[in-house]
Amino acid sequence: MALKMVKGSIDRMFDKNLQDLVRGIRNHKEDEAKYISQCIDEIKQELKQDNIAVKANAVCKLTYLQMLGYDISWAAFNIIEVMSASKFTFKRIGYLAASQCFHEGTDVIMLTTNQIRKDLSSPSQYDTGVALTGLSCFVTPDLARDLANDIMTLMSHTKPYIRKKAVLIMYKVFLKYPESLRPAFPRLKEKLEDPDPGVQSAAVNVICELARRNPKNYLSLAPLFFKLMTSSTNNWVLIKIIKLFGALTPLEPRLGKKLIEPLTNLIHSTSAMSLLYECVNTVIAVLISLSSGMPNHSASIQLCVQKLRILIEDSDQNLKYLGLLAMSKILRTHPKSVQAHKDLVLQCLDDKDESIRLRALDLLYGVSKKNLMEIVKKLMTHVDKAEGTTYRDELLTKIIDICSQSNYQHITNFEWYISILVELTRLEGTRHGHLIAAQMLDVAIRVKAIRRFAVAQMSALLDSAHLVASSPQRSGICEVLYAAAWICGEFSEHLQEPQQTLEAMLRPKVTTLPGHIQAVYVQNVVKLYAAILQQKEQAADVSAAQEVTQLLVERLPQFVQSADLEVQERASCILQLVKHVQKLQAKDVPVAEEVSALFAGELNPVAPKAQKKVPVPEGLDLDAWINEPLSDSESEDEKPKAMFQDEEQRHAKPRAPEADEQELARRREARRQEQANNPFYIKSSPSPQKRYQDAPGVEHIPVVQIDLSVPLKVPGMPLSDQYVKLEEERRHRQRLEKDKRKKKKRERERRGTRRHSSLHTESDEDIAPAQRVDIVTEEMPENALPSDEDDKDPNDPYRALDIDLDKPLADSEKLPVQKHRNAETSKSPEKEDVPLMEKKSKKPKKKEKKHKEKEREKKKKVEKVEKPSKHKKKKHKKDKEERPKDKRKSKKKVPPTDEEAAEPVENGTLDEEPLPPMSSYTLLAENSYIKMTYDVQGSLQKDSQVTVSVVLENQSDSFLKSMELNVLDSLNARLARPEGSSVHDGVPVPFQLPPTIQSIVMAQKLKGTLSFIAKNDEGSTHEKLDFKLHFTCTSYLVTTPCYSDAFAKLLESGDLSMSSIKVDGISMSFHNLLAKICFHHRFSVVERVDSCASMYSRSIQGHHVCLLVKKGEKSVSVDGKCSDPTLLSNLLEEMKETLATC
Amino acid sequence: MIQAILVFNNHGKPRLVRFYQRFPEEIQQQIVRETFHLVLKRDDNICNFLEGGSLIGGSDYKLIYRHYATLYFVFCVDSSESELGILDLIQVFVETLDKCFENVCELDLIFHMDKVHYILQEVVMGGMVLETNMNEIVAQIEAQNRLEKSESGGQ
């Protein structure tokens, strides 16, 4: 042994350590890869040795190689070995390696669970720390589930060093195992007030991360954070909290109002730029959430903008950058305040720093009709100057973005916009050709008035196509030819010289363009051809028409030879068509009409979301089988013979509708109808009234009456600049006219008060667009759903953490704790038959034991009433302060579902006839002020508790406040009282619920009073209302589903005693009857055959109750079996009463 | 959250690579390379923020870096972190290194990558800021070094 040790340490002396490895690599610069592979071989040898020091050294070297890009996952098992070393030195090496290379796919990771648990509970804080650090990097869902409880314990460790690490890692645990959030949250909240600043900061950190994803669940923490914000001096914590408030304020504007003052104070007082910046950011968020222009807030905005200006003007580029970033947020709601600093923004566009230029570009969004042209002009000069393509592309998209934003809201002159787009096509090597093309198409399609101009520009573009698509470097930009060709074809009636354009589109050079563009060319050549034919035939110029046809017949073959299938196919089709036309022309048959009928009708733009918004027609189930699925009859045969098999089956599977001939014909007709209404189907027959319908549409739009004194095609000067000039002149004229008109009016006003408007600020509304533009809106399907749900990403990992944290914890939510197996399971033999699935069968056993213990305990403490044990369910119910608006209305305001939702009728699935509405809420007490209805619910998790939901309805005109509910405890039932209720908005009703019931086999009564103050115009009175809570045996039952085989077993077991009743004179249908029993007595149907059904339910203390309900001619008989005879007989009595009313 | 912490020198040689999200080794190397090219292009007198975009995560992420002599310290963070705060954090990290190594230089980082990791672990844990107080960080590092020393002494 000793010899081995010595040998080991000698071995170590000859091993390379990390430093040697690094040195070696540096000395082998030429053959580094070879040297490293040699080292890896050595490491593999070292890992085979028993000596842990050697292994650790090897793993340490592997970690270094990992950084250089070598995969070391093959050594995962060795890493675990080193992790489990007893010495901290080695353990740390192991955990470091694991944190660098373990991930969810590492298969050996599950072997670490126990090792980590051991390290977490190690007496040395550094062992624990190192394990926590490592785990934070490779925690998997399994590890999170198994270790959540251990980590939660560490959150209360005595050492702050461990506490802060445990708190931080909880966030990772929550992400991987969301179920742990609710049980762990109370403790996490506690840590917000930890005496150690590090722990506090960690807790703030975690909650901020959580709240950022699902802010609404954390609103209730706002007061706590508010306190922290005003008391803490730690800038880190402050920054986090202030950031968090920024996320919370949009949800709760009242919070924002409260925040403004302390934040403003911080802005004035702090010297830390980071804090100042975050404060400004949050104030902005607050202002956005308030958004209403309250006078005192304009001061806050001024403060923010002013501080930001200081940041932007700072020589520190970082501050400049952040200032611009924050400024862009203000822009969204208060564009006016930002526009005052336009000079600053434009100045930043010239900054040498690209990040800053990009940020400044963002700020340009705040354009208006007034300054759009000016800003775009400025951007165009930047486009020319910009050397890097990325920045230039960014500029290009920005230009298009600001012009097209909110449906081209700011564009007053679309001719100008089209010329800008055309100018942009001259950019070298941009990637955004498709973007320009899309804009051209969009504008041309939607702005009818602009089509003539657009077509002229596009045909010019087609004419100079060789310039656009000359060099391969410009391939991106040739996309615009796609748009140009389509626009010229589609709106060919606007073309001045269609023949010339046609020839341009048929040039041999075109065949060098990408396939999809050629295809559009081919298609639109025919549209042009149709238009020309029409023109020529109208002019009775037969020879010219034949010439055009000849041209096509000559040129189209070059496309027929194309390698692109789409082009080839279209071209051959069209060539045949044209040849046919040629034949007809030779016979002097007029063809133009029919050729242009090919392209009749107009395409409307469709909204991008239109497809998604088509509502599913009523009665259409998309998930239903169209045909009967392949029957798996064998497996059905193997099923244990369930009693009522065939009846169920018939109801379970919807019969496949047999479509007869008639039905098919009807559907065909419907489809035809639909196609006729769909613009995307080319109609089979030409409908003359539809052909180019827009002709009258264009007429009613007054087309551009600008007096173009300057000819537009001046070489040298970009077209758009002229428009800027023209526009200025136009506006000036307009203004003058308006001024004249207003002069008299103003004169009168001036006498009264001096108005700001006299300084002549031109507002957006003053500028009338040059053209009356009728923007065609995008089509949406009829009765489209207005929802915006589709914005949510279902794969968001943070969605799982969207958990309500204010709900009290249920037992089932406790974190799994490792426990030794229970040896005494045989003690409760009746539980063997628990009619639940296997997985759950363990739980009730524990419960039973617990319950017994508790009962014993309670006997001792009978006198000590009112002492609530900690786990007992507390329930605070808010009752809104009901305003005395209208009696009727206020009644409706609190429907029963507002409180505990009524149990759904789960088993009433066989829809025979509509069920009468049922409510389990029964009247409790009533006077002129208030009406109380109640419902009692049990839950399996609390074996001696039931929840009473009481709905209070204000029946008067008075404000009711200071409500208090109290109950006289009886021997068998008492209230579980909460330890104090939190203050909610409005007036809280301190509810002290639910009662604890000790014996559930008999019905119980509980007396109580509700006291409140009623306040109306005459004054306030103190009122009292007595009530009697009636706990029927039914209220101890919990609807529990049961499977037929488990049910049969239960009946066979013979542990149950039997009893039966019979009720006569029942007229209700059996189905409704069952539903009624399910609803009022909380049973579930196990099986049903004709007029016979078996039902099951369970009490909160685990008694099984089985029923067999049979319906005769006019009577119903109920046979019951239950593990407690008293409970059964009481239950049946209650049921008798219910049935008697049927 | 901090998504990644990268330290490399003026030639793009990685000195510390710490990802808090799983990436295969090749991708990690590629990210280091691309990040290096991004920051290399930038003058020292322009801002220290870079919208990473395609590199890691999405548009929510930013690269925040500082350049010290021969080394670049790059943090990739999302919008929950304060930009100026992270700049301060880098400063804290570097000052801590300086204290622990006594006048730190690139060679220290080259030969003691493991130690640098241990120091970083006391500053950032699992992508979240653990401690910003330098004295506290140094105290914990020294305590762990002592523990290590006592263990090797007992061998």
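Criteria and thresholds
- Residues numbered from 1 in each chain as written.
- Chains lettered and ligands numbered in written order.
- Predicted model: local features only at pLDDT ≥ 70, side-chain atom pairs only at ≥ 80, totals over all residues.
- Heavy atoms only, no water.
- Helix = DSSP H or I, 4+ residues; strand = E, 2+ residues; numbered from the N terminus.
- Buried < 20%, exposed > 50% of the residue type's maximum accessible area, 1.4 Å probe, protein only.
- Contact = heavy atoms within 4.5 Å.
- Areas by Shrake-Rupley, 256 points an atom, 1.4 Å probe, with all protein chains shown as cover.
- Pairing = 2+ DSSP bridges.
- Salt bridge = Lys/Arg side-chain N within 4 Å of Asp/Glu carboxyl O.
- Expected span 1.5 Å × (residues − 1).
- Bend = angle between axes of the 7 residues up to and from the residue.
- pLDDT = per-residue confidence, 0-100.
- Buried area = accessible area lost by both parts, 1.4 Å probe.
- Polar contact = N/O pair within 3.5 Å; in protein donor to acceptor, adjacent residues only side chain to side chain.
- Nonpolar A, V, L, I, M, F, W, Y, C, P; charged D, E, K, R; others polar.
- Patch = residues over 30% accessible without salt bridge, like charges linked within 9 Å, V, L, I, M, F, W, Y side chains within 5 Å.
- Phe/Tyr/Trp six-rings, centres within 6.5 Å; stacked < 30°, edge-to-face > 60°.
- Lys NZ or Arg CZ within 6 Å of the ring centre and 35° of its normal.

## Examining the overall build of chain A
- Helix and strand counts for chain A come out as 45 helices and 16 strands.
- A buried classification covers 47% of the 1142 residues belonging to chain A.
- Taking contacts inside chain A between residues at least 6 apart in sequence as the whole, the part at least 24 apart equals 71%.
- Accessible surface computed for chain A: about 59500 Å², of which carbon and sulfur atoms make up 52%.

## Concerning the sheet that holds strand β4 (residues 62-68) of chain B
Residue and element names in this part refer to chain B.
- Strand order in the open sheet made by the five strands is β2-β1-β5-β4-β3, with antiparallel pairing throughout. This sheet does not close on itself; its edge strands, each paired only once, are β2 (14-19) and β3 (49-50).
- Bridge count between strand β1 (residues 2-9) and strand β5 (residues 71-77): seven bridges; the pairing is antiparallel. When the bridges of β5 are listed, Asn9 appears paired with Leu71.

## Focus on the pattern of salt bridges
- Tallied over the entire structure, the rule returns 32 salt bridges over all chains.
- Notably, a salt bridge pairs Lys16(A) with Glu42(A), separated by 2.7 Å at the nearest N-O pair. Taken together, the residues span a long stretch of sequence, with Lys16(A) in the loop between α1 (2-14) and α2 (18-27) and Glu42(A) in helix α3 (residues 32-48) at a distance of 26 residues.
- What makes Glu42(A) partly exposed here is its relative accessible area of 28%.
- Residues Glu252(A) and Arg254(A) are paired through a salt bridge, measuring 3.3 Å at the closest nitrogen-oxygen approach.
- A single salt-bridge network, built from bridges that share partners, covers Glu209(A), Arg212(A), Arg213(A) and Asp78(B).

## Examining helix α9 (residues 141-154) of chain A
Residue and element names in this part refer to chain A.
- Compared with the 20 Å implied by 1.5 Å per residue over 14 residues, the 19 Å span of α9 between its first and last C-alpha is a close match.
- Residue Leu147 marks the point of greatest curvature in α9, where the axis turns by about 55 degrees.
- When α9 is considered as a whole, its buried residues turn out to be Leu143, Ala144, Leu147, Ala148, Ile151, Met152 and Leu154.
- Tucked inside the fold, the buried residues of α9 contact α7 (113-120), α8 (125-138), α10 (160-176) and α11 (181-190).

## Focus: the confidence of the model for chain A
Residue and element names in this part refer to chain A.
- Confidence along chain A averages 73 in pLDDT terms, with 69% of residues attaining 70 or more.
- In this model residues 752-766 is a low-confidence stretch, pLDDT under 50, and it forms 14 contacts with partners more than four residues away in sequence or in other chains.
- Every residue in residues 821-917 is under pLDDT 50, and counting partners more than four places away or in other chains gives 137 contacts.

## A short note on the interface of chain A and chain B
- Between chain A and chain B, the residue contacts involve 62 residues of the former and 59 residues of the latter.
- Buried area between chain A and chain B, both sides added, is near 5700 Å², and the carbon and sulfur share of it is 55%.
- Counting the surface chain A buries against chain B, the share from its top three residues, Met67(A), Arg92(A) and Trp236(A), is 13%.
- Applying the counting rule to chain A against chain B returns seven salt bridges.
- Along the contact surface separating chain A from chain B lie 30 residue pairs in polar contact (both at pLDDT 80 or more).
- With eight residues, helix α6 (residues 88-101) of chain A is the largest single contributor of residues to the side of chain A that touches chain B.
- Among the residues forming the side of chain A that touches chain B, the class breakdown is 28 nonpolar, 16 polar and 18 charged.

## Comments concerning a nonpolar patch on the surface
Residue and element names in this part refer to chain A.
- On the surface, a cluster of nonpolar side chains totalling about 340 Å² of accessible area is made up of Phe77, Met110 and Leu111.
- Looking at where Leu111 falls in the secondary structure, it is placed in the loop between α6 and α7.
- Its relative accessible area of 47% is what places Leu111 among the partly exposed residues.

## Comments concerning the packing of aromatic side chains
- On inspection of all chains with the given rule, the structure shows 15 aromatic pairs over all chains.
- Between Trp486(A) and Phe491(A), the aromatic rings sit 5.8 Å apart at their centres with planes inclined by 90 degrees, giving edge-to-face as the arrangement. Residues Trp486(A) and Phe491(A) agree in their burial class; the two are buried.
- Over the ring of Tyr118(B) we find Arg92(A); its NZ or CZ atom is 3.9 Å from the centre of that ring.
- In this structure, Lys258(A) is placed above the aromatic ring of Phe226(A), and the distance from its NZ or CZ to the ring centre is 5.3 Å.

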